[in-house]
Amino acid sequence: MENILDRFLRYVAVDTQSDENSESQPSTAKQLNLLRMLRDELLAMGVEATLDEYGYVMGSIPSNISGKVPAIGFIAHVDTAPDASGADIKPQIIKEYDGGEIALKGVPGLALKPSEFPEMLQYVGQTLITTDGTTLLGADDKGGVAEIMDAVQYIMEHPDFKHGEIKIGFTPDEEIGRGVVKFDVRRFAADYAYTMDGGEIGELEFENFNAASAKVHIQGRNVHPGYSKGKMRNALLIGMEMNSLLPVEQRPEYTEGYEGFFHLIGFSGSVEEANLTYIIRDHDRSIFEKRKKAIVDCCDFINLKYGEGTATPVVKDQYYNMREQVEPHYHVVEKAMKAMEMAGVKPKIQPIRGGTDGANLSFKGLPCPNIFAGGLNFHGKMEFVPLESMEKASQVILNIISLYGSESE
C-alpha cells in the first residue's frame, strides 16, 4: 500500500493553481493533469470513475452489505489558491518536530516560528510537512485529496470492510468560488456528503460565510502634471479615497468568529484609470446584504464628488451560508463527531471563516458539512500540515462509512 505521505507529495508536485480571471472551466488546463491522474488511480484500484468536460472526477464503490443505507460522498478540490505560486513546490519533511523554529530553506532567514504561530506547539513530536518558503504547500486541498484516496485504497484492499455505497468527487476551481458551479449532484448520486477541506485536526463545520466579490473601476483624467491644476483626477488617489470610506475595523486582520469583513485583494492602475478588487464576507445574511450595499454607497459618494461614471462597481454573489441547508439533516454532523471520537480526535465545531464546495453543494440539495484536512496557514509560504493529522482524517472517513453501514436495515 502506498502511504499517505508519499501520495500527498506526489499530488503537491503537480501545479494546479486556478485563475479567477479565466472564463473557462477548469479555469486552468493544468488542473486536468492531476484530475486525470486521480481518475486513472481510481480505475487502477478497481473503482468505477469518470472525468467529465468540466473537470469533475466522480467515482463510485458499490455497497457490500445487505439492506438499505444512504450513499455517502467524500469530496475535495485539486486547485491551489492564486495567492501564491503552486509551481515547483519543494516540501520539507520535519520528523519528530522539537518545538523550535523551522527554517524555510528556500528563502534565507525565513522561518516558521512558534512565537508567531503558537499552534505549532500542538504538534511537538509529530512529522510536519512545510514549504521551503518560495511557494505555498498545497495541503489546501491536496491533503483532503490524499486522505480520500488513502481511505479508498484501504477499502479496495480490504473486502471484509463493510460499507454502503460510497461516492468520490474531485473538483477544480474551488479557490476562486466556482468549484461546483456545474457539478451534477444527481449524477453524483450521494444522499449526503462531506468535503475534506477544513483546517487543523478536529475541525468540523456546517456553517460558513455568505460571500460576494466586488470590482470597482475608477475612471480618472490624466493631464500633464506641469499643467494639471484643477484638471487632473488621479484614479489611484480616488481609489485610495474610496477604500478609506470603508470601516477599518471591518478588515479581516481585525475580525474573528462570526464577524464579517471587507477585504481588498487587488489594486492596480494608473492616473488615468484604476481597479480595486474586494471579497465581502459575513455569516449573517442581512448584514451581508448591507455590506454589498456599502460598496455601492461608497461609489455613489465618489461619483457625487468627482462626477458620474468615476466609480463603477460590479458586485457578484459567490456562495451562501450552508447552515440552513445542513441543519435539518443534523445527523450528518453527529456522525462526523462520532467518527472523530472513534479516531481519538476531539471535535471542534466552528463556523468556517471562508467557503467550501460544500456550501454550494448544500444549496444544490446535497447536505455537505466540512471536515478537517489537517493543514494550517493555507494560501501562503507559511503553510504546513502534520502527517498525523492527515492519517487521522483518513481514519475519520472510514469511521463515517462504518457508522452509516452499521445502520443497514
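For the structure, check the block above.
All of the points below concern the structure found in this document. (Residues numbered from 1 in each chain as written. Predicted model: local features only at pLDDT ≥ 70, side-chain atom pairs only at ≥ 80, totals over all residues. Heavy atoms only, no water.)

## A word on the overall build of the chain
The condition is simple: Runs of E in the DSSP output that reach at least two residues are strands. Runs of H or I that reach at least four are helices, and both are numbered from the N terminus. To get the radius of gyration, use the C-alpha atoms; to get the globule rule, take the number of residues to the power 0.38 and multiply by 2.2 Å. In this scheme, a residue with accessible area under 20% of its type's maximum is buried, one over 50% is exposed, and one in between is partly exposed, where area comes from a 1.4 Å probe on protein chains only. In what follows, a contact means two residues having at least one pair of non-hydrogen atoms within 4.5 Å.
The helix and strand inventory of the chain stands at 10 helices and 17 strands. In summary, the chain has a C-alpha radius of gyration of 23 Å against a globular reference of 22 Å for 409 residues, a match within 12%. Viewed in the frame of its principal axes, the chain has a C-alpha envelope of about 85 × 45 × 35 Å. Here the chain holds 409 residues, and 54% of them are scored as buried. Looking at the chain alone, contacts between residues at least 24 apart form 79% of all its contacts between residues at least 6 apart.

## Notes on unusual backbone geometry
Excluding glycine, most residues fall at negative phi; most peptide bonds, likewise, are trans. The omega angle of the peptide bond from Gln25 to Pro26 is -5°, so this bond is cis rather than trans. Topologically, Pro26 is positioned in the loop between α1 (4–12) and α2 (31–44). A cis amide bond links Asp140 to the next residue, Asp141, at an omega of 10°. Here Asp141 shows up in helix α3 (residues 139–157).

## A closer look at the packing of aromatic side chains
Here is the rule we go by: Aromatic rings from Phe, Tyr and Trp, taking only the six-membered ring of Trp, are treated as a pair when their centres fall within 6.5 Å; an angle between ring planes under 30 degrees marks them as stacked, one over 60 as edge-to-face, and anything in between as tilted. Counted as over-ring charges are cases with an Arg CZ or a Lys NZ within 6 Å of the ring centre that also lie within 35 degrees of the ring normal.
Within the structure shown, the criterion is met by 9 aromatic pairs. Grouped by ring-pair contacts, the aromatic residues Tyr56, Phe183 and Phe188 constitute a single cluster. Against the face of Tyr404 rests Lys335, its NZ or CZ located 4.8 Å from the ring centre.

## Topic: the sheet that holds strand β14 (residues 311–319)
Here is the rule we go by: A strand pair is defined by DSSP finding two or more bridges across the two strands. In this analysis an axis means a line fitted to C-alpha atoms, helices contributing only their contacting stretch, and an angle means the value between N-to-C directions, from 0 to 180 degrees.
Spatially, 4 strands are ordered β12-β13-β11-β14 in an open sheet, and the strand pairing comes out antiparallel. The sheet is open, and its two edges are formed by β12 (261–269) and β14, each paired on a single side. Across this sheet, the average inter-strand angle for adjacent strands is 15°, counted without regard to direction. By the bridge criterion, 8 bridges tie strand β11 (residues 210–219) to β14 in an arrangement that is antiparallel. Looking across to β14, one finds that Ala212 is bridged to Asp317. Each of β11, β12 and β13 (273–282) touches helix α5 (residues 235–244); the most contacted strand, β13, lies at about 20° to it.

## Notes on the pattern of salt bridges
Note the cut-off: For salt bridges, the criterion is a side-chain nitrogen of Lys or Arg within 4 Å of an Asp or Glu carboxyl oxygen.
Enumeration over the complete set of coordinates arrives at 18 salt bridges. As a salt-bridge pair, Glu2 and Arg10 come within 2.9 Å of each other at their nearest N and O atoms. Judged by its relative accessible area of 31%, Arg10 is partly exposed. For Asp317, the salt bridge is made with Lys292, and the minimal N-O distance between the two is 2.8 Å. You can see Asp317 sitting in strand β14 and its partner Lys292 sitting in helix α6 (residues 285–306), a full 25 residues away along the chain. Judged by its relative accessible area of 34%, Asp317 is partly exposed.

## Let's talk about the nonpolar core
The condition is simple: Side-chain atoms within 4.5 Å link the members of a nonpolar core, which is a set of buried Ala, Val, Leu, Ile, Met, Phe, Trp, Tyr and Cys residues.
The biggest cluster of nonpolar side chains holds 67 residues, and the ones touching the most others in it are Phe74, Phe170, Ile371 and Ile400. The greatest single-element share of this core, amounting to 10 residues, is contributed by helix α10 (residues 387–405). Not counting chain neighbours up to four residues away, the residues in contact with Ile371 comprise Tyr194, Thr195, Met196, Asp197, Gly198, Glu203, Leu204, Ala336, Met340, Val396 and Ile400. Judged by nonpolar contacts, the second largest core, of 20 residues, contains Ala212, Ile238, Leu276 and Cys299.

## Quick notes on α3
Defined as follows: In a helix, the anticipated span is given by 1.5 Å times the number of residues less one.
With 19 residues, α3 should cover 27 Å at 1.5 Å per step; its first-to-last C-alpha distance of 25 Å lies within 8% of that length. Summarising burial for α3: 16 of the 19 residues are buried, a large majority.

## A few points about a nonpolar patch on the surface
Condition: Patch criteria: residues need more than 30% relative accessible area and no salt bridge. Like-charged residues are merged within 9 Å; nonpolar side chains of Val, Leu, Ile, Met, Phe, Trp and Tyr are merged within 5 Å. Where accessible areas are quoted, they stem from the Shrake-Rupley method and a 1.4 Å probe; at the residue level, only the protein chains shown are allowed to cover.
A cluster of nonpolar residues, Leu237, Met240, Leu264 and Phe267, forms a patch on the protein surface that exposes about 360 Å² of accessible area. Of all elements in the fold, only α5 and β12 reach the threshold of two or more residues within the nonpolar patch. Examined against the element boundaries, Phe267 turns out to sit in strand β12.

## Structural notes on the packing of α3 against α10
Defined as follows: For classification purposes, an angle smaller than 35 degrees is called roughly parallel, one larger than 145 roughly antiparallel, one from 65 to 115 roughly perpendicular, and anything else oblique. Each crossing gets its handedness from the near helix: less than a right angle anticlockwise from the far helix is left-handed, clockwise is right-handed.
Relative to each other, α3 and α10 sit at 50°, their axes nearing to 9 Å. Considering their axes alone, α3 and α10 lie oblique with respect to each other. Crossing handedness for the pair α3 and α10: right-handed. On α10, the residues that touch Gly143, Glu147, Ile148, Asp150, Ala151, Tyr154 and Ile155 of α3 are Met390, Ala393, Ser394, Ile397, Leu398 and Ile401.

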